[in-house]
Amino acid sequence: MHPKRIAVIVGSLRKESFNRKMARVLSDLAPESLSLEIVEIGDLPLYNEDFDANPPAEWVRFRESIRKFDGVLFVTPEYNRSVPGVLKNAIDVGSRPYGQSVWAGKPGAVMSVSISAIGGFGANHHLRQSLVFLNVPAMHQPEAYIGNAASLFDEKGNLINDSTRDFVQKYIRAFAAWVETNLSGVHSG
Ligand code: FNR
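Residues numbered from 1 in each chain as written. Predicted model: local features only at pLDDT ≥ 70, side-chain atom pairs only at ≥ 80, totals over all residues. Heavy atoms only, no water.

*Asks:* Describe the overall build of the protein chain, naming the residues involved and giving the relevant values.
*Replies:* Helix and strand content of the protein chain: five helices and five strands. Written out in order from the N terminus, the α and β elements of the protein chain read β-α-β-α-β-α-β-α-β-α. Projected onto its principal axes, the C-alpha positions of the protein chain cover 50 × 40 × 25 Å. Among the 189 residues that make up the protein chain, the fraction classed as buried is 50%. Within the protein chain, residue pairs in contact and separated by at least 24 positions form 78% of the contacts whose partners lie at least 6 positions apart. Carbon and sulfur atoms make up 51% of the accessible area of the protein chain, which totals about 9,500 Å². (Helix = DSSP H or I, 4+ residues; strand = E, 2+ residues; numbered from the N terminus. Buried < 20%, exposed > 50% of the residue type's maximum accessible area, 1.4 Å probe, protein only. Contact = heavy atoms within 4.5 Å. Areas by Shrake-Rupley, 256 points an atom, 1.4 Å probe, with all protein chains shown as cover.)

Pasting the structure below:
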């Protein structure tokens, strides 16, 4: 059986982003039934409804790319107790034109990674609010609020905390099961 293709959307553009490092760890720890691929969002022009009639090439490319995936995994920092603007922009771009959202029905999950102890709880749940509207069935458990991120990786980006590694492995295995049970709605709208 082919692995299910999962688009990974990282909510930080920073080169040394802890969220990007975590996205790579998630990919490494994913079971064979999943294939994770980061889809870049940093080049997307800001969403403007006026452009819907003649959309920028970057929007078109992004929408076509996301459509090909079976599911979507968001790995995001928290900015000012919410999601970074660059991530919200990508979500908005993918959600339009009206009635042609690329997100609809794709099984999803959210992981927030923060340098603070709270682990990006605010961003995680603001994002979930959008996913409800976008008809993305987002995995309920395990929730993933990864705190104190600055202490979790070595200088090469390897995850050096064993209990976090165990948790991330459990999380991505649970997501694989979630994708299998929630696939029916994919490509429906
Ligand atoms: C932050 N940071 C932050 N952290 C947090 O836990 N809650 C917050 O509300 C905020 N707000 C915030 C706003 C802005 C504009 C910046 C730049 C940063 C800190 C943030 O968690 C930290 O910079 C992470 O390292 C960002 O993730 P990446 O880039 O390492 O993936």
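*Asks:* Could you give an account of unusual backbone geometry, naming the residues involved and the relevant values?
*Replies:* Residue Arg-96 is joined to Pro-97 through a cis peptide bond whose omega torsion reads 0°. Among the structural elements, Pro-97 can be located in the loop between helix H3 (85–95) and strand E4 (108–113). Between Gln-141 and Pro-142 the backbone carries a cis peptide bond, its omega angle lying at 0°. Its identity as a non-glycine residue notwithstanding, Asn-80 has a phi of 50°, on the positive side. You can see Asn-80 is positioned in the loop between strand E3 (71–76) and H3. The exposure class assigned to Asn-80 is exposed, which follows from its relative accessible area of 77%. Unlike most non-glycine residues, Arg-81 shows phi in positive territory, near 65°. Inspection of the secondary structure assignment puts Arg-81 in the loop between E3 and H3. Judged by relative accessible area, Arg-81 falls into the exposed class, the value being 52%.

*Asks:* With reference to specific residues and values, describe the pattern of salt bridges.
*Replies:* Using the criterion set out here, one finds eight salt bridges in the structure. For the salt bridge of Arg-5 with Glu-37, the shortest nitrogen-to-oxygen distance reads 3.1 Å. Of the two residues, Arg-5 sits in strand E1 (residues 4–10) while Glu-37 sits in strand E2 (residues 34–38), which places them 32 residues apart along the sequence. Assessed through its relative accessible area of 29%, Arg-5 is described here as partly exposed. A salt bridge links Glu-40 to Arg-20; its shortest N-O distance comes to 2.9 Å. With Glu-40 in the loop between E2 and helix H2 (57–67) and Arg-20 in helix H1 (residues 18–29), the pair connects residues that are 20 residues apart, well separated along the chain. Overall, the relative accessible area of 14% leaves Arg-20 in the buried class. (Salt bridge = Lys/Arg side-chain N within 4 Å of Asp/Glu carboxyl O.)

*Asks:* Quick rundown of the nonpolar core? Include the residues and the values.
*Replies:* Judged by nonpolar contacts, the single largest core of 31 residues is most densely connected at Met-22, Leu-26, Leu-73 and Phe-175. Mapped onto this core, the elements with two or more residues apiece are E1, H1, E2, E3, E4 and helix H5 (162–181). Counting residues per element, this core draws most heavily on H5, at seven residues. Those residues in contact with Leu-73, other than ones at most four positions away along the chain, are Ile-6, Ala-7, Val-8, Ile-9, Leu-26, Leu-36, Ala-109, Tyr-171, Ile-172 and Phe-175. Ranked by size, the runner-up nonpolar core spans 25 residues in total, among them Ile-9, Ile-41, Leu-44 and Trp-59. (Core = buried A, V, L, I, M, F, W, Y, C linked by side-chain atoms within 4.5 Å.)

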